[in-house]
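Structural overview
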Protein chains: 2
Amino acid sequence: MRGVVMHAPGDVRVEERDDPRIEQPTDAIIRVTATCVCGSDLWPYRGVEDVDHAPMGHEYVGVVEEVGSDVQNVQVGDYVVGSFMASDNTCEICQAGYQSRCVHVEVMGAIGTQAERARIPHADGTLVVTPGEPAPDLVPSLLAASDVLGTGWFAAVAAEAGPGKTVAVVGDGAVGLLGVLAAKQLGAERIIAMSRHADRQALAREFGATDIVTERGDAGVAKVKELTGGLGAHSVIEAVGTQESMMQAIRSTRPGGHVGYVGVSHDVELPGLELFFSGVHLHGGPAPVRRFLPELVQLIWDGTIDPGKVFDLTLPLEDTAEAYRAMDERRAVKVLLTV
Amino acid sequence: MRGVVMHAPGDVRVEERDDPRIEQPTDAIIRVTATCVCGSDLWPYRGVEDVDHAPMGHEYVGVVEEVGSDVQNVQVGDYVVGSFMASDNTCEICQAGYQSRCVHVEVMGAIGTQAERARIPHADGTLVVTPGEPAPDLVPSLLAASDVLGTGWFAAVAAEAGPGKTVAVVGDGAVGLLGVLAAKQLGAERIIAMSRHADRQALAREFGATDIVTERGDAGVAKVKELTGGLGAHSVIEAVGTQESMMQAIRSTRPGGHVGYVGVSHDVELPGLELFFSGVHLHGGPAPVRRFLPELVQLIWDGTIDPGKVFDLTLPLEDTAEAYRAMDERRAVKVLLTV
């Protein structure tokens, strides 16, 4: 089959990979109908993380082609969406809602879903079957649910966005923008999107942002405080993962408020004393997308939300190298790959 | 009046200080009937924090002697207990339960309650009147409510201790021990106290600990995991404030679990990537004791809890230097000073 392999930073190729096969009786094989490039794929692309001939991709929707002998909830022909972490959804950690830390977790990124087919471990626990074959215009939104929507949603839940709350969002990538959408759906009263890009500001407003702050760092913190009576936001979503963005998020939050952080940390060290006196709640990490998937699929199916709008470029799988370039150069927020 | 002044690290003296007076119409003056030495007082005593002729003490119970013209809830003659942070209890932050970060907060430690009298700012918001003059055996417990009980309680609440939960407690000082008591009161199913001192282990068991772990650091983490099916505790209370204790707390918590940290951070830097992948909730800081005080006073008054047991040495105010020495040398868990 054709699949994406990152040979080295900056060197993304579409080439022949071995067809996946059932390895465990709990596996399924899906034919991928759409996949995409994640902001986190840019870390190795930019050389911030090591990479050496790695299959790429962890977001996917598709059709089940084969199931292992123990698979019960998923059938051949089902249209499915799953999270970037495969999970059994039955262990104590899964049952508590932390499927991304399932005791049997498998990382889809190591399997690589930027490909024609993919093996899905723990198919019963990982995959959610859609109510039917989706209309083409729903596919981008369902694909978004696989990671960026689920991650933005988790960030908003972790930040305890809700009625009466002012939510600030640090980061205007797909996750940050969908954090805005999630905060809106969760009933937030006021949503401050922090962005200096006109196109992203526009999408943030479409998703529910009530205020835009263009300042960053300390100036951004000062602006959020100015908008919140000097106190800071109740809830802050962090969707970048740098020292600056984490400190901006923590400092933008009022005492007793909540920071939901989902940007994968890179060279972040949180100063203990400042964190102590901040009095904030801090929660985040790899999003347990599976917790939210059934609800998100339904919201998409019903047309209540349209998270697929974060895809501003669509390319065929064969052009994946260009997809990475476009995101690296910020010419695209997020690129959908048709398979 | 007589009051304690720390001239320099290790140099604690009881000497004449100016009598306090009403400075704001919202102030009250109390005659302190009992005060004590806090674990956090040992940081400057040991030279870890700077100190130069500072009045000391922030825990207190006493009788109101004078009130400012705007004070309404407190009368001369009332027996009162208050938090180590004076707060108006009416601002938005106070109303959300974070009185230790009140927008008008005043730090009682800067006033110094290891003294015969003390000025209490924001008396209406800060002080809680007891149901009457307490019997002498209730005084230690009411004094504990002023900080160590309230702080341990906040840690247990921040760690979401409750029915069905396994709670681990890092730190066997007064706050850690009262974290055990709080976890028990909040309904925790299993409480793991981490201590290597027989007397503190005994008190931990009396307060409700079901298991004792004597190992520290990585070995302590391994032991907690062994006791929790490899997953870690649901809730971990951190009551020390060092890098080792914070990492021990985070690593002892299962994904999705809660760390409540109340040890004042000293030279702590939290590694972002490890925190990210830990998936824990982190909340703590200077405890909003005032939030819990009315309930804690009632529990003490009714004889439901006896947190005063953490005081294992009682000395007159004049012997405060010996009180510091006894705690510094770990001859005492916590010293009550009679005034």
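See above for the structure.
Small disclaimer: the values here were computed from a predicted structure and weren't measured.

Moving on to the pattern of salt bridges. Residue and element names in this part refer to chain A. Evaluation of the coordinates by the stated rule reveals 42 salt bridges over all chains. A salt bridge links Glu-226 to Lys-223, with the shortest nitrogen-to-oxygen separation between them at 3.6 Å. Highlighted residues: Glu-226 and Lys-223, both in helix 9 (residues 217–227), separated by three residues, approximately one helical turn. Its relative accessible area of 59% is what places Glu-226 among the exposed residues. Where Arg-325 meets Glu-322, a salt bridge forms, and the shortest distance between an N and an O atom there is 3.2 Å. Placement of both Arg-325 and Glu-322 in helix 13 (residues 320–328) is noted, with a separation of three residues, approximately one turn of the helix. Through salt bridges that share partners, Glu-23, Asp-27, Glu-106 and Arg-119 make up one connected network.

All names here are of chain A. For Ser-141, the location among the structural elements is in helix 5 (residues 139–145). With 118 residues separating them along the chain, Ser-141 and Glu-23 place their C-alpha atoms 30 Å apart. Those residues in contact with Ser-141 that lie beyond four places of it in its chain are Ile-300, Asp-306, Pro-307 and Gly-308.

Here we come to the relation of the copies chain A and chain B. Least-squares fitting of chain A to chain B yields an RMSD of 0.0 Å, with the transformation described by 0.0 Å of translation along the axis and a rotation of 180°. Taken together, these values place the two copies in the relation of a two-fold axis. Of the residues that chain A buries at the interface, 100% are likewise interface residues in chain B, meaning the two copies contact each other through the same surface.

To continue, consider the sheet that holds strand 15 (residues 253–261) of chain A. Strand order in this open sheet of twelve strands is 13(A)-12(A)-11(A)-14(A)-15(A)-17(A)-17(B)-15(B)-14(B)-11(B)-12(B)-13(B), and the pairing throughout is mixed. Because the sheet does not close on itself, it has two edges, and the strands there are strand 13 (211–213) of chain A together with strand 13 (211–213) of chain B. On average, each strand axis in the sheet is tilted by 20° relative to the strand beside it, whichever way the strands run. Bridge count for strand 15 of chain A against strand 17 (residues 281–284) of chain A is four bridges, and the pairing is parallel. Considered in strand 17 of chain A, the bridge of His-258 of chain A is made with His-281 of chain A. Along the sheet, helix 6 (residues 148–158) of chain A makes contact with strand 14 (233–238), strand 15 and strand 17 of chain A, crossing strand 15 of chain A at roughly 160°.

All right, on to helix 6 of chain A then. For helix 6 of chain A, the tally of buried residues reaches ten of eleven residues, placing the bulk of the element in the interior. Where helix 6 of chain A terminates, the next one or two residues include Glu-160 of chain A, which has phi positive at roughly 55°.

All names here are of chain B. Although it is not a glycine, Asn-89 sits at a positive phi angle of roughly 65°. Within the secondary structure layout, Asn-89 lies in the loop between strand 7 (85–86) and helix 2 (92–95). Taking the relative accessible area as the measure of exposure, Asn-89 reaches 19% and is therefore buried. In the Ramachandran plot, His-122 falls in the positive-phi region, its phi being about 45° despite a non-glycine side chain. Within the secondary structure layout, His-122 lies in the loop between strand 9 (117–120) and helix 4 (123–126).

By the definition in use, this model includes eight aromatic pairs over all chains. Here the aromatic rings of Phe-276 of chain B and Phe-277 of chain B are separated by 5.0 Å at their centres, their planes lie at 85°, and the arrangement is edge-to-face. If you follow Arg-291 of chain A out to its NZ or CZ, it ends over the ring of Tyr-98 of chain A, 4.9 Å from the centre.

Looking now at a negative patch on the surface. A cluster of acidic residues, Asp-267 and Glu-269 of chain A together with Asp-267 and Glu-269 of chain B, forms a negative patch on the protein surface. Classification of Glu-269 of chain A by relative accessible area gives partly exposed; the value is 38%.

A few words now on the sheet that holds strand 2 (residues 11–16) of chain B. Residue and element names in this part refer to chain B. In space, the three strands of this open sheet follow the order 2-1-4, with antiparallel pairing throughout. At either end of the open sheet lies a strand with only one pairing partner, and these are strand 2 and strand 4 (54–55). Taken together, the two bridges between strand 1 (residues 2–8) and strand 4 define a ladder with antiparallel strand orientation. Within the sheet, the bridge partner assigned to Val-5 lies in strand 4 and is Pro-55. Across the sheet, helix 13 (residues 320–328) is in contact with strand 1 and strand 2; its angle to strand 2 comes to roughly 160°.

Quick look at the packing of helix 6 of chain A against helix 7 (residues 174–185) of chain A now. Residues and elements named next belong to chain A. Across the interface, helix 6 lies against helix 7 with an axial gap of 7 Å and an inter-helix angle of 55°. Of the possible angle classes, the one that applies to helix 6 and helix 7 is oblique. Between helix 6 and helix 7 lies a crossing of right-handed hand. Side by side, helix 6 and helix 7 meet where Val-148, Leu-149, Thr-151, Gly-152, Trp-153 and Ala-156 of the first sit next to Ala-174, Val-175, Leu-178, Gly-179, Leu-181, Ala-182, Ala-183 and Gln-185 of the second. Looking at the contact of helix 6 with helix 7, its residues break down into ten nonpolar, four polar and no charged.

Thresholds applied
- Residues numbered from 1 in each chain as written.
- Chains lettered and ligands numbered in written order.
- Predicted model: local features only at pLDDT ≥ 70, side-chain atom pairs only at ≥ 80, totals over all residues.
- Heavy atoms only, no water.
- Salt bridge = Lys/Arg side-chain N within 4 Å of Asp/Glu carboxyl O.
- Helix = DSSP H or I, 4+ residues; strand = E, 2+ residues; numbered from the N terminus.
- Buried < 20%, exposed > 50% of the residue type's maximum accessible area, 1.4 Å probe, protein only.
- Contact = heavy atoms within 4.5 Å.
- Least-squares fit on C-alpha atoms with pLDDT ≥ 70 in both.
- Pairing = 2+ DSSP bridges.
- Axes fitted to C-alpha atoms, helices over the stretch in contact; angles between N-to-C directions.
- Phe/Tyr/Trp six-rings, centres within 6.5 Å; stacked < 30°, edge-to-face > 60°.
- Lys NZ or Arg CZ within 6 Å of the ring centre and 35° of its normal.
- Patch = residues over 30% accessible without salt bridge, like charges linked within 9 Å, V, L, I, M, F, W, Y side chains within 5 Å.
- Areas by Shrake-Rupley, 256 points an atom, 1.4 Å probe, with all protein chains shown as cover.
- Lys, Arg positive; Asp, Glu negative; His and termini not counted.
- Charge placed at Lys NZ, Arg CZ, Asp CG, Glu CD.
- Parallel < 35°, antiparallel > 145°, perpendicular 65-115°, else oblique.
- Left-handed = near helix turned anticlockwise from the far one by under 90°.
- Nonpolar A, V, L, I, M, F, W, Y, C, P; charged D, E, K, R; others polar.

Don't take any of this as a statement about function, it's just geometry.
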